[in-house]
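Spelled out, the chains give:
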Amino acid sequence: MLTARTVIFHGAGQPFELAELPVPAPGPGEILVRNEYTTLCRSDLYTYTGKRTEKTPTILGHEITGRIVSLGPDTPAQDLEGQPLASGARITWAIFASNPESALSKKGIPQKGEGLIKYGHEPLTPSHTLHGGLSQYTLLRPHTPVLRLTDAIPVSVAATLNCAVATIAGALRVAGDIKGQTVLVSGAGMLGLIACAMSHAGGAAQVIALDINPERLDMAAHFGASLCLYAGDDVPARLAQHTGVPNPVHVVIEVSGQASAMAQTLDLLAIGGIAVWQGAVFPQQTQLNAEKIIRNLLTIKGLHNYNLEDFRAAVRFMTHHHQAYPFERLIHTGFSLEQAEAAFAYAVQANPFRVGIQTD
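Definitions and cut-offs
- Residues numbered from 1 in each chain as written.
- Predicted model: local features only at pLDDT ≥ 70, side-chain atom pairs only at ≥ 80, totals over all residues.
- Heavy atoms only, no water.
- Phe/Tyr/Trp six-rings, centres within 6.5 Å; stacked < 30°, edge-to-face > 60°.
- Helix = DSSP H or I, 4+ residues; strand = E, 2+ residues; numbered from the N terminus.
- Buried < 20%, exposed > 50% of the residue type's maximum accessible area, 1.4 Å probe, protein only.
- Lys NZ or Arg CZ within 6 Å of the ring centre and 35° of its normal.
- Pairing = 2+ DSSP bridges.
- Right-handed = clockwise from strand over helix to strand, strands pointing away.
- Core = buried A, V, L, I, M, F, W, Y, C linked by side-chain atoms within 4.5 Å.
- Axes fitted to C-alpha atoms, helices over the stretch in contact; angles between N-to-C directions.
- Contact = heavy atoms within 4.5 Å.
- Salt bridge = Lys/Arg side-chain N within 4 Å of Asp/Glu carboxyl O.
- Expected span 1.5 Å × (residues − 1).
- Parallel < 35°, antiparallel > 145°, perpendicular 65-115°, else oblique.
- Nonpolar A, V, L, I, M, F, W, Y, C, P; charged D, E, K, R; others polar.
- Disulfide = S-S within 2.5 Å.
- Polar contact = N/O pair within 3.5 Å; in protein donor to acceptor, adjacent residues only side chain to side chain.

Draft legend 1. Spotlight on the packing of aromatic side chains. Inspection of every chain in the model, using the stated rule, returns 12 aromatic pairs. Here the aromatic rings of Tyr 48 and Phe 344 are separated by 5.0 Å at their centres, their planes lie at 40°, and the arrangement is tilted. Taken as a pair, Tyr 48 in helix α1 (residues 42–49) and Phe 344 in helix α11 (residues 340–350) lie far apart in primary sequence, 296 residues in all. Assigned by exposure class, Tyr 48 and Phe 344 land together as buried. Ring plane angle 15° and centroid distance 6.3 Å describe the contact between Phe 223 and Tyr 325, whose orientation is recorded as stacked. Here Phe 223, found in the loop between α6 (214–220) and β12 (227–230), pairs with Tyr 325, found in the loop between α10 (308–321) and β16 (331–336); they are 102 residues apart in sequence, far enough to count as distant. Three or more aromatic residues joined by ring pairs form one cluster here, namely Phe 9, Phe 16, Tyr 48 and Phe 344. For Arg 216, the ring lying beneath its charged end belongs to Phe 353, and the centroid distance is 4.7 Å.

Structure representation (structure tokens):
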């Protein structure tokens, strides 16, 4: 019987378990994938440290890329773009699978649709297995959105497509047309740098990065940011000095997840500006100036995960731009599947942009 070497998470503060799990043959609508690489998303680290809670035991890891082993009966033979799916094809897949006929899916919110499962977030049972990246194999469930990838994209970068890159593609969709606009990216971590690059490539007139970490701001300059601001400075004054006008920002992409930043960056928006909030994925409160939101006609939109349009946009962007920006520099490599616990510990202690695990 084929087995998968798998790392099982039992809860914050508990040791990981390295186990061999049976690999089932793919059923109707399913795809068996041999994982090649997994990167540790910030939400993985929140689960690992207990900042957020998942049902356990589970297999963590949802930023994954791999190659098709086999297709189950009645599985579509083409991806979302009409490209053929067959054994050996290199693919990425959405973080979610849900009923495409459900009401929310038809509204363009399949990440909240009926029958939802999320890779890297599911409880592990004998009948519900191989759904996370910290394993040699993933069994893709029916209705999982799949896209083929070119081999030219580095494997570590390809792993980030179905979470970090697609999430930012969603933010820019929600923000609307950014051509000729001033975009401020609040938080220059992994998501923030991708937001800088995608805004720059998307024709923004100016991309401004805001963070408390000078090293991250230095990196933002390599990803299309024309102005990098330290959050501890008088940011409104610096912006006014640089642009010559008060409130010069048309779009804020907020990925720091800090309540203070969410409130403060609203004060930088021009009349009619829009803020897209994505970073706050655990409970917290913030205070807003309701009068200013009303009088300045500001819009605040929250976005969790992404839809199929965003997923396609992410792959298209990286296919065309993976050499234009130094994405590989963001991934700290060198960990094997057996070293998963050390990889998590390093990610928490050193706080790199991403830690990668070679699963194959």
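Draft legend 2. Spotlight on the pairing of strand β14 (residues 269–277). When you tally the buried positions in β14, you get seven out of nine residues, the bulk of the element. Two elements, strand β13 (residues 249–254) and β14, share five bridges in a ladder whose sense is parallel. Bridging across to β14, Ile 253 finds its partner in Val 276. As for the winding sense of the linkage, the β-α-β connection from β13 through helix α8 (residues 259–266) to β14 is right-handed.

Draft legend 3. Layout of the nonpolar core. Of all hydrophobic cores here, the largest spans 56 residues; its most connected members are Phe 223, Ile 253, Phe 327 and Leu 330. If one sorts the elements of this core by residue count, helix α4 (residues 161–175) sits on top with 10 residues.

Draft legend 4. Spotlight on the sheet that holds β12. Pairing within the open sheet is parallel, and its six strands lie in the order β12-β11-β10-β13-β14-β15. This sheet does not close on itself; its edge strands, each paired only once, are β12 and β15 (299–302). Put simply, the sheet's adjacent strands are angled 20° from each other on average, direction ignored. As judged from the four bridges shared by β14 and β15, these two strands associate in the parallel manner. When the sheet's bridge partners are listed, Ile 274 is paired in β15 with Thr 299. Contacting β13, β14 and β15, α4 crosses the sheet at an angle of about 150° to β14.

Draft legend 5. Molecular detail of the pattern of salt bridges. Under the definition given, this model contains 13 salt bridges. Where Glu 54 meets Arg 52, a salt bridge forms, and the shortest distance between an N and an O atom there is 3.2 Å. On the basis of relative accessible area, Glu 54 is assigned to the buried category, the value being 15%. Arg 52 gets classed as partly exposed once you look at its relative accessible area, which sits at 23%. The partner of Arg 316 in a salt bridge is Glu 81, and the shortest N-O contact between them spans 2.7 Å. Taken as a pair, Arg 316 in helix α10 and Glu 81 in the loop between β4 (63–71) and β5 (90–93) lie far apart in primary sequence, 235 residues in all.

Draft legend 6. Spatial organisation of α4. Here α4 spans 20 Å end to end across 15 residues, near enough to the 21 Å set by a 1.5 Å rise per residue. When you tally the buried positions in α4, you get 14 out of 15 residues, the bulk of the element. Phi turns positive, to about 90°, at Gly 176, one or two residues after α4.

Draft legend 7. The packing of α4 against α10, seen in detail. Running from N to C, α4 and α10 cross one another at 110°; their axes reach a closest spacing of 8 Å. The orientation of α4 with respect to α10, classified from their angle, is roughly perpendicular. Contacts between α4 and α10 involve Leu 161, Asn 162, Val 165, Ala 166, Ala 169, Gly 170 and Arg 173 from the first element and Glu 309, Asp 310, Phe 311, Ala 313, Ala 314, Val 315, Phe 317 and Met 318 from the second. Looking at the contact of α4 with α10 residue by residue, the classes come out as 10 nonpolar, two polar and three charged.

Draft legend 8. How the structure looks around the state of the cysteines. Within this structure, the stated rule accounts for zero disulfides. Cys 163 provides the cysteine sulfur closest to Cys 41, a residue in no disulfide bond, and the two sulfurs are 3.9 Å apart. Just so you know, Cys 196 is unpaired, no disulfide at all, and the nearest cysteine sulfur is the one on Cys 228, 7.1 Å from it.

Draft legend 9. Focus on the side chain of Ser 98. Along the chain, the position of Ser 98 falls in the loop between β6 (96–97) and α2 (103–106). Within the local environment of Ser 98, its side chain forms a polar contact with the backbone oxygen of Pro 110, the two atoms lying 2.7 Å apart. Apart from the residues lying within four places of it in its own chain, the contact partners of Ser 98 are Ser 105, Pro 110, Gly 113, Glu 114, Gly 115, Leu 116 and His 143.

Draft legend 10. The arrangement of the environment of Arg 238 in detail. In this structure, Arg 238 sits in helix α7 (residues 235–243). Under the relative-accessibility criterion, Arg 238 is labelled partly exposed at 32%. It is 10.0 Å that separates the C-alpha atoms of Arg 238 and Leu 227, two residues lying 11 residues apart in sequence. Leave out the neighbours within four places in its chain, and Arg 238 touches Leu 227, Cys 228, Leu 229 and Asp 233. Of the polar contacts made by the side chain of Arg 238, one reaches the side chain of Asp 233; its length is 3.4 Å.

Draft legend 11. A look at unusual backbone geometry. A cis geometry characterises the amide bond from Thr 56 onward to Pro 57, with omega recorded as 0°. Mapped onto the fold, Pro 57 is located in the loop between α1 and β4. One non-glycine residue, Leu 130, adopts positive backbone phi at about 55°. Counting through the fold element by element, Leu 130 comes out in the loop between β7 (117–118) and β8 (137–140). Despite not being glycine, Asn 247 has its phi angle at roughly 45°, a positive value. Along the polypeptide, Asn 247 turns up in the loop between α7 and β13.

From the geometry alone we can't say anything about function, so treat these as descriptive.
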